[in-house]
Every structure is written in structure tokens, then in C-alpha cells.
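So the chains spell out like this:
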Amino acid sequence: MLLEILQELHPDIDYTTHTTLIDDRVIDSYDIIFLVGEIADKLDVEIPADELTPENFNSYAALNALVERLGA
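Please read these numbers as outputs of a predicted model, since none were measured by experiment.

Reading guide: rules and limits
- Residues numbered from 1 in each chain as written.
- Predicted model: local features only at pLDDT ≥ 70, side-chain atom pairs only at ≥ 80, totals over all residues.
- Heavy atoms only, no water.
- Helix = DSSP H or I, 4+ residues; strand = E, 2+ residues; numbered from the N terminus.
- Expected span 1.5 Å × (residues − 1).
- Buried < 20%, exposed > 50% of the residue type's maximum accessible area, 1.4 Å probe, protein only.
- Arc of directions from axis to C-beta.
- Axes fitted to C-alpha atoms, helices over the stretch in contact; angles between N-to-C directions.
- Parallel < 35°, antiparallel > 145°, perpendicular 65-115°, else oblique.
- Left-handed = near helix turned anticlockwise from the far one by under 90°.
- Contact = heavy atoms within 4.5 Å.
- Nonpolar A, V, L, I, M, F, W, Y, C, P; charged D, E, K, R; others polar.

A. Representation of helix α4 (residues 60-71) within the structure. Compared with the 16 Å implied by 1.5 Å per residue over 12 residues, the 16 Å span of α4 between its first and last C-alpha is a close match. Of all the positions in α4, only Ala62, Leu63, Leu66 and Val67 are classed as buried. Burial along α4 is one-sided: seen end-on, the buried residues are contained in an arc of 135 degrees. Those residues of α4 that are exposed and aimed more than 90 degrees away from the buried face are Ala61 and Glu68.

B. Seen up close, the packing of helix α1 (residues 2-9) against α4. Close contact between α1 and α4 brings their axes to 11 Å; oriented N to C, the two are set at 130 degrees. When the axes of α1 and α4 are compared, the pair comes out oblique. Two packed elements cross with a definite hand, and for α1 against α4 that hand is right-handed. Contact residues: α1 offers Leu2, Leu3 and Leu6, while α4 offers Tyr60, Leu63, Asn64 and Val67. Here the contact of α1 with α4 is built from residues that sort into 6 nonpolar, 1 polar and no charged.

Right, dumping it as C-alpha cells:
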């Protein structure tokens, strides 16, 4: 489901291999706001402000790990 949410943003990006989403400016601050809302709505995981770091959003793997950690 997380991958589907990401693909809504930029369907042309291969999120499974791209590891510099923030660094390459693929995802910007507006995208992060969208992601936080969609993750809360669709995955029932709230992401607190202190977790909104570039490291947590730079790749699908990092974001997935964050969602799994917070959802546990």
C-alpha cells in the first residue's frame, strides 16, 4: 500500500531502487505533507513531527521502515 501511495505522487519513479528522493528533489515538502496524510488515512499510522527528517523520506525502504516502526 505504501508503494501505491508513493506512485500516486510520481508514477515515473522506480521507488524500489531510487534511494535519494529528497536529495534529488523528487519529493518536496508538499509531497511529504501528502504522504503523511495518506499514510495516516490509508495505513492508520501517524508520523510525528520529529520523524519528518530527510533520512526517513529519502527512499521507499526508509519510509517503509518508519511506517513499520511507528505502526508496531
